[in-house]
Amino acid sequence: MRYLLQALLLLLSTGPLGAQVEVTNEGELFVAPGQDVFINGNFTNRSSQLANLGVVGLTGDFQNEARVLNPGDGLFRFIGDSEQNLVLFDTLSFFELEIFNPAGLNMIGDHHAEVHEHLYFEDGLINTTAESMIFFREFATYSDARDFSHINGPVLRRGDSDFVFPVGKGGVLRAPAVSELSAPTTFLAEYFDFSFSSLETDFTLNRINDQEYWQIERVGDDADARVTLPYDESSGFLDDLNELQIAYFNNDNLWTRREAQSDGASPITNLITLDFITNFGYFTTAEDRSFLADRIEIIATQEDDCAIIVSWVVPPDYPITLYEIERSFDGQNFEKIDEMPGDSLPFIEYTLRWYADNGLYAEPEIFYRLRINFPDGTSTLTNITMVENQCPFFDCTI
């Protein structure tokens, strides 16, 4: 009872106030506009009658055991120098919230903390769980999210405007975004700094990034949106940002580029955006399969006996089932002249030699290309290589 009376006296006073006690509210607690209250300890709220129209700073834990009807439009600050806990046995709303504790704030319980106006990331992580998250309501914003000061875990956000989720893992901020939403939607977002459980792709991709992925889910809504992911060039996953795509884990349990494509990552911002999509779930960056043909170098040469030698080198780790060799005498109309089975061994050099039909040396140039076939039945074409015919009119063949 002494603690309760002391808290009431503090909050009915004027000017800056401080308390060196464990404060519990079981009645009606009101912080007036302009009031700055500092609690050097823990605060427990057991009443729906809690309104903060001023500033409340807390160095200990905050345990909420009641649904607060009118939380007010004030600022609540977590400003300890050791780990603090926000324990929620019922949903709690903050108008403005601040984390200024390098040791961090832990969300505990089975309810969410709603932010209706602004969240200030001054210092420290907010460690959330699937059961207890920060929930940005419509029009709520935040500032200064960065490495070592962001949401470490999942976060919720509702609205129809563009939004960058201030999420990361540990000390690293890896903030994805949604934009151009077709309707107000609640999204859940979380970042993971390790490989997804499956790395299997469909025909649209060569491989996915096995170092990180994001979960971006719609919660009870069905709006479409664009998705943007950050890319870290120092990760070493891909050197050519033009080959970068966003991959989505689809209903067939495969990573896919889907029907939506990006234009590669921006060399200025290192952000990559996926066009409108209608399904959400898990996302990561990936290498576009369409660039595989550019990675296979095909060379055609002619030897003294007029034979044509076609060779190519295969980069490692590409699932290729069959190579089809195609030839043309005008660089436009190609026909298949041979085939060779694919091989999963890295950096294999393939060489084929032809002595075929007579009479082909009337053409001054001969063109070759490869059709690369994949296990799923799709294929792609390499660039064209040309050899100048050094044996015209001879009775030797190609």
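Okay, so let's go over this structure. Because the structure is a prediction, the values reported are computed rather than measured. (Residues numbered from 1 in each chain as written. Predicted model: local features only at pLDDT ≥ 70, side-chain atom pairs only at ≥ 80, totals over all residues. Heavy atoms only, no water.)

Regarding the packing of aromatic side chains
This structure, assessed with the given rule, holds 24 aromatic pairs. Between Tyr142 and Phe163, the ring centres sit 5.8 Å apart and the planes meet at 75 degrees, which makes this aromatic pair edge-to-face. Residue Tyr142 is found in strand 16 (residues 141-143), and its partner Phe163 is found in strand 19 (residues 163-164); the two are separated by 21 residues along the sequence. Classification of Tyr142 by relative accessible area gives partly exposed; the value is 22%. (Phe/Tyr/Trp six-rings, centres within 6.5 Å; stacked < 30°, edge-to-face > 60°. Helix = DSSP H or I, 4+ residues; strand = E, 2+ residues; numbered from the N terminus. Buried < 20%, exposed > 50% of the residue type's maximum accessible area, 1.4 Å probe, protein only.)

Thoughts on the pairing of strand 38 (residues 385-388)
Because side chains alternate across strand 38, one face comprises the buried residues Thr385 and Val387, and the other comprises Met386 and Glu388, none of which is buried. The pairing of strand 36 (residues 365-373) with strand 38 spans 4 bridges and is antiparallel. Residue pairing for strand 38: Tyr368 is matched across the bridge by Thr385. (Pairing = 2+ DSSP bridges.)

Some words on the nonpolar core
Grouped together as the largest cluster of nonpolar side chains are 49 residues, with contacts concentrated most on Phe62, Phe78, Leu86, Ile126, Ile134, Phe136 and Ile216. Apart from residues lying up to four places away in sequence, Ile126 is in contact with Ile99, Leu105, Met107, Leu119, Phe121, Ile134, His150, Ile151 and Asn152. Grouped together as the second largest cluster of nonpolar side chains are 16 residues, Ile296, Ile320, Tyr368 and Phe374 included. (Core = buried A, V, L, I, M, F, W, Y, C linked by side-chain atoms within 4.5 Å. Contact = heavy atoms within 4.5 Å.)

A few points about unusual backbone geometry
One non-glycine residue, Asp144, lies in positive phi territory at about 65 degrees. Topologically, Asp144 is positioned in the loop between strand 16 and strand 17 (151-152). Although it is not a glycine, Glu180 sits at a positive phi angle of roughly 55 degrees. Mapped onto the elements of the fold, Glu180 is located in the loop between strand 22 (177-179) and strand 23 (185-192).

Focus: the side chain of His150
When you line up the elements, His150 lands in the loop between strand 16 and strand 17. A polar side-chain atom of His150 sits 2.9 Å from the main-chain carbonyl oxygen of Arg146. Leaving out residues up to four positions away in the same chain, His150 has contacts with Phe121, Gly124, Leu125, Ile126, Pro166, Val167, Gly168, Lys169, Gly170, Gly171, Val172 and Leu173. (Polar contact = N/O pair within 3.5 Å; in protein donor to acceptor, adjacent residues only side chain to side chain.)

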